Amino acid sequence: QTLERVTAARSRAQQATGPDAAGQADHELQRSVGSLLAVAEAYPDLKANASFLDLQHQLATLEEDLSFARQYYNAVVRKYNTLQQTFPVSVIAAPAGFRTAEYFQADDDSREAPDVSTA
C-alpha cells in the first residue's frame, strides 16, 4: 500500500505543470517516500538489504540535487522579476507580455515528519 502511494505520487509529480503544481506534487511525493522509509524501520531484514540501502542513498542524493535545483530556480526567478522592474526593461516588458514568474515554495507542513502506520 505504501509502495503504491509512492508510485502514484511519482506519476503525479512527473505530470505536474507549473511551479505551483510541481511544488504540491513534490510535497506529496516527499511525504510518501518518507512513509516508505519509516515503514522500513519496522522491518530489520529490509533495512539491512543492500538494494534498499542503495535506494536510501539514491533518495538522499536526489533530495540534495532537488534542493539545489529549487535554490537555482528561485535565484533565476528573482533575477528575472527584478530585471522586469528596472528601467528601461520595464517600459518594454509589460507591453510585450512578460509577466513575473512564480517562486517554487515548499509548504510549511512538508517540514514535518510523516505520519506512518504499519497496518
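Up top you'll find the structure we're talking about.
Here is what the cut-offs are and how they apply
Residues numbered from 1 in each chain as written. Predicted model: local features only at pLDDT ≥ 70, side-chain atom pairs only at ≥ 80, totals over all residues. Heavy atoms only, no water. Helix = DSSP H or I, 4+ residues; strand = E, 2+ residues; numbered from the N terminus. Buried < 20%, exposed > 50% of the residue type's maximum accessible area, 1.4 Å probe, protein only. Areas by Shrake-Rupley, 256 points an atom, 1.4 Å probe, with all protein chains shown as cover. Patch = residues over 30% accessible without salt bridge, like charges linked within 9 Å, V, L, I, M, F, W, Y side chains within 5 Å. Salt bridge = Lys/Arg side-chain N within 4 Å of Asp/Glu carboxyl O. Expected span 1.5 Å × (residues − 1). Contact = heavy atoms within 4.5 Å. Axes fitted to C-alpha atoms, helices over the stretch in contact; angles between N-to-C directions. Parallel < 35°, antiparallel > 145°, perpendicular 65-115°, else oblique. Left-handed = near helix turned anticlockwise from the far one by under 90°. Nonpolar A, V, L, I, M, F, W, Y, C, P; charged D, E, K, R; others polar.

(A) Spotlight on the overall build of the protein chain. If you tally the helices and strands in the protein chain, you get five helices and zero strands. Along its sequence from the N terminus, the protein chain presents helices and strands in the succession α-α-α-α-α. Taking all 119 residues of the protein chain together, the buried fraction comes to 18%. When the accessible surface of the protein chain is split by element, carbon and sulfur atoms take 56% of a total near 8,800 Å².

(B) Representation of the environment of histidine 27. Within the fold, histidine 27 resides in helix H2 (residues 18-40). Sequence-wise, histidine 27 and alanine 9 are 18 residues apart; in three dimensions their C-alpha atoms are separated by 9.1 Å.

(C) Spotlight on a nonpolar patch on the surface. On the surface, Phe87, Val91 and Ile92 cluster together into a nonpolar patch covering about 370 Å² of accessible area. With respect to the helices and strands, phenylalanine 87 occurs in the loop between helix H4 (50-84) and helix H5 (89-93).

(D) View of H4. For H4, which comprises 35 residues, the first-to-last C-alpha distance of 51 Å matches the rise-based estimate of 51 Å (1.5 Å per residue) to within 8%. When H4 is considered as a whole, its buried residues turn out to be Phe52, Arg70, Asn74, Val77, Asn81 and Gln84.

(E) Local environment of the side chain of aspartate 26. Inspection of the secondary structure assignment puts aspartate 26 in helix H2. In contact with aspartate 26, not counting residues within four places along its chain, are Leu66, Arg70 and Phe104.

(F) Examining the packing of H2 against H4 more closely. One can describe the packing of H2 onto H4 by two numbers: an axis separation of 12 Å at closest approach and a directional angle of 155 degrees. Here H2 is positioned roughly antiparallel relative to H4, judged by the angle of their axes. In this structure, H2 crosses over H4, and the sense of that crossing is left-handed. Contacts between H2 and H4 involve Pro19, Asp26, Gln30, Val33, Leu36, Leu37 and Ala40 from the former and Phe52, Leu55, Gln56, Leu59, Glu63, Leu66, Arg70 and Tyr73 from the latter. Of the residues contributing to the contact of H2 with H4, the split by class is 10 nonpolar, two polar and three charged.

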